[in-house]
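# Coordinates in review
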Amino acid sequence: MTALLNSVLIRGADLIGRGRGDVLVRDGRVVETGSVDARGAEVIDADGLVLLPGLVDLHTHLREPGREDAETVHSGTRAAAKGGYTAVCAMANSYPVADTAGVVEQVAALGKAAGYADVQPIGAVSVGLEGKQLAEIGAMAHSAAKVRMFSDDGHCVSDPIMMRRALEYVKTFGGLIAQHAEEPRLTEGAQMNEGAVSAELGLPGWPAVAEEAIIARDVLLAEYTGARVHFCHVSTARSVDIIREAKARGAKVTAEVCPHHLLLTDEAARTYDPVYKVNPPLRREPDVAVLRGALAEGVIDAVATDHAPHAPQDKDCEWAAARPGMLGLETALSITVLALGGPDGAAQGTVDWDTVAERTSRTPARIAGLEAHGRDPQPGTEANFTLVDPAATWTVVPADLASLSRNTPYAGMVLPVTVQATFLRGRATVLNGKIAEETTE
């Protein structure tokens, strides 16, 4: 549930870093911007705050159905709202897998009932994520959930014939395949990035080429079929090179990077703390530097959280037995600001908010086909936006997070930028930095 404000005036916000202005919202839509009279609307003083289009996450694990001990659609979308998100794309690796029209419709309905963020289900490419038989792609596309993105995330569509057929199929209705790029024969038993640190620690390595080989193959398949491929959680410098070259040739490819791959390195594995275990693994510092540059340049199209909540028993164990994954929804904007603006960028007012909006909102919305999201506030657009304080900092306290899980790698870190308010179609899902209380209409 969310706080309903039928008519609200956002007064004096910095509109995406372009200068101060007012935004009048009525019945869920922007009706006027600029210098606006209150006209009886509830006024929110946004002096010192930056207004961004609501963030859109291309890669969220909500765990429901099947692993409600780690996350639910309700708790996950609350976390999304606290992070400034108005829409999230829910990955298919639930239990049961989202490989039928029935499951994706269930996930979409749960998101609608929760009301904190729009939930767009991602359908599986293969039945049960097993890579043996194509899932009911057409049925999911024509279901009430209107699925347009399909992924076996957590598993690579490693069979080139299946990948080709899937690409040909989704091309017929304008969909796309989101590929988890990992050649499984090169990563069997892998525990972390293959390199000097893995050798010192004695942990089996996950070589960069396992990602790069699949990206190179799927670029060629995208060009051959004329279909769209989106590369999930890109993590290596050479992957960036391949994607850049593909885009220069006109291939229909897009790519995302996760916040943790923009900040953390494989050096964190020296702690043997499973909170740092993730797939693909944390890479070397040179990879992090290239990924940051590629995000600023636009070779990497979007920041996607790969929000992966886990119950305590799946993380509070030895490294080898722990499941990979990290929380991301509530910290993603702060890490993005660090990556694009530098550690002191927010405090110094040097963050390029237009680039932040492009990578976290507009472009992800376009990739996912979410036409109502990723829109700058203009008369007639749905009022999906977030207000952030660029000068504030906050300390990550796991117990304070909205997620049911606590597996954040940023515990105790002081991060820049706080989300002060989030609006979904004019409804405040977050106000004054806290999730809006349930209201009775």
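My aim in this report is to walk through the structure given alongside it, one point at a time. These numbers come from a predicted model, not from an experiment. (Residues numbered from 1 in each chain as written. Predicted model: local features only at pLDDT ≥ 70, side-chain atom pairs only at ≥ 80, totals over all residues. Heavy atoms only, no water.)

Summing up its helical and strand segments, the protein has 12 helices and 20 strands in all. Taken over the C-alpha trace, the protein has a radius of gyration of 21 Å; the compact-globule value for 441 residues is 22 Å, and the two agree within 12%. Taken along the three principal axes of its C-alpha coordinates, the protein extends 65 × 45 × 45 Å. Classification of the 441 residues of the protein by burial places 62% in the buried group. (Helix = DSSP H or I, 4+ residues; strand = E, 2+ residues; numbered from the N terminus. Rg over C-alpha atoms; globule rule 2.2 N^0.38 Å. Buried < 20%, exposed > 50% of the residue type's maximum accessible area, 1.4 Å probe, protein only.)

Before going further, it helps to spend a moment on the pattern of salt bridges. Two side chains bearing opposite charge may form a pair once their charged atoms approach each other closely. Going through the model one piece at a time under the given rule, you end up with 27 salt bridges. With a shortest N-O distance of 2.9 Å, Arg362 and Asp376 are connected by a salt bridge. Taken together, the residues span a long stretch of sequence, with Arg362 in helix α12 (residues 353–368) and Asp376 in the loop between α12 and β17 (385–395) at a distance of 14 residues. For the pair shown, Arg362 and Asp376 are each scored as buried. Put simply, Arg18, Asp354, Glu358, Arg362, Arg366 and Asp376 are held in one network by salt bridges that share partners. (Salt bridge = Lys/Arg side-chain N within 4 Å of Asp/Glu carboxyl O.)

So, about the sheet that holds strand β14 (residues 228–231). Backbone hydrogen bonds hold the strands of a sheet together, and the pairing may be parallel or antiparallel. Taken in spatial order, the five strands make up an open sheet running β10-β11-β14-β15-β16, and their pairing is parallel. Each edge of the sheet is formed by a strand with only one pairing partner; in this case those strands are β10 (149–150) and β16 (302–303). Bridge count between β14 and strand β15 (residues 253–257): three bridges; the pairing is parallel. Note that in β15 the partner of Val229 across the bridge is Val253. Each of β11 (176–179), β14 and β15 is contacted by helix α6 (residues 208–225), which is oriented at about 160° to β14, the strand it contacts most. (Pairing = 2+ DSSP bridges. Contact = heavy atoms within 4.5 Å. Axes fitted to C-alpha atoms, helices over the stretch in contact; angles between N-to-C directions.)

A word on the packing of aromatic side chains. Enumeration according to the criterion identifies two aromatic pairs in this entry. Between the aromatic rings of Phe150 and Phe173, the centroid separation amounts to 6.1 Å while the plane-to-plane angle is 70°, which identifies the pairing as edge-to-face. On the criterion of sequence distance, the pair formed by Phe150 in strand β10 and Phe173 in the loop between α4 (160–171) and β11 is long-range, its members being 23 residues apart. You'll find Phe150 and Phe173 in the same group, each marked buried. Seen in terms of ring centroids, Phe385 and Phe423 are 5.3 Å apart; in terms of plane orientation they differ by 50°. Their pairing is tilted. Remark: Phe423 occurs in strand β18 (residues 414–424) and Phe385 occurs in strand β17; sequence separation between them is 38 residues. In this pair, the class of Phe385 matches that of Phe423, namely buried. (Phe/Tyr/Trp six-rings, centres within 6.5 Å; stacked < 30°, edge-to-face > 60°.)

Summarising burial for β15: five of the five residues are buried, a large majority. Tracing the backbone out of β14, into helix α7 (residues 237–248) and back to the parallel element β15 gives a crossover that is right-handed. Examined bridge by bridge, β15 and β16 share two bridges and lie parallel to one another. Bridge assignment links Val257 to a residue of β16, and that residue is Val303. (Right-handed = clockwise from strand over helix to strand, strands pointing away.)

Taken in spatial order, the three strands make up an open sheet running β7-β8-β9, and their pairing is parallel. Single-partner strands in this sheet number two, and they are β7 (55–60) and β9 (118–121). With strand direction ignored, the average angle separating the axes of adjacent strands in the sheet is 20°. Pairing between strand β8 (residues 85–90) and β9: four bridges, direction parallel. Directly across from Cys89, in β9, lies its bridge partner Gln120. The strands touched by helix α2 (residues 101–114) within the sheet are β8 and β9, with β9 carrying the most contacts at an inclination of about 170°. Sheet contacts for α12: β7 and β8; angle to β7, the most-contacted strand, approximately 55°.

The biggest cluster of nonpolar side chains holds 51 residues, and the ones touching the most others in it are Phe150, Ile177, Ile215, Phe231, Val234, Val253 and Ile300. Mapped by element, the contributors of at least two residues to this core are α2, α3 (137–141), α4, α6, β14, α7, β15 and α9 (285–297). Ranked by size, the runner-up nonpolar core spans 31 residues in total, among them Ala90, Ala117, Leu333 and Val351. (Core = buried A, V, L, I, M, F, W, Y, C linked by side-chain atoms within 4.5 Å.)

A few words now on the side chain of Thr236. Here Thr236 is to be found in the loop between β14 and α7. Given a relative accessible area of 1%, Thr236 falls into the buried group. Among the polar contacts made by the side chain of Thr236, one reaches the side chain of Ser239 at a distance of 2.9 Å. Dropping the residues within four chain positions of it, Thr236 is found in contact with Ala208, Glu211, Glu212, Arg283, Asp287 and Leu291. (Polar contact = N/O pair within 3.5 Å; in protein donor to acceptor, adjacent residues only side chain to side chain.)

Moving on: helix α10 (residues 332–341). Across the 10 residues of α10, nine count as buried, placing the element largely inside the fold. Within the span of α10, buried status applies to Ala332, Leu333, Ser334, Ile335, Thr336, Val337, Leu338, Ala339 and Gly341.

What follows covers the layout of surface pockets. Approximately 750 Å³ is the volume attributed to the largest pocket. Gly154, His155, His180, Asn279 and Pro324 are the residues nearest the centre of the largest pocket, which is lined by 38 residues in total. Here the residues of the lining of the largest pocket are counted per class, giving 14 nonpolar, 15 polar and nine charged. Considered as a void within the structure, the second largest pocket measures approximately 590 Å³ in volume. Along the walls of the second largest pocket sit 29 residues, with Ala108, Lys112, Asp118, Val119 and Arg425 positioned nearest its centre. Of all the elements in the fold, those that place two or more residues in the lining of the second largest pocket are β8, α2 and β9. (1 Å grid on protein atoms, 1.4 Å probe; cavity = no way out; pocket = protein on both sides within 12 Å on 5 of 7 lines; lining within 4 Å. Points joined across faces, edges and corners; volume = space filled by probe spheres on them. Nonpolar A, V, L, I, M, F, W, Y, C, P; charged D, E, K, R; others polar.)

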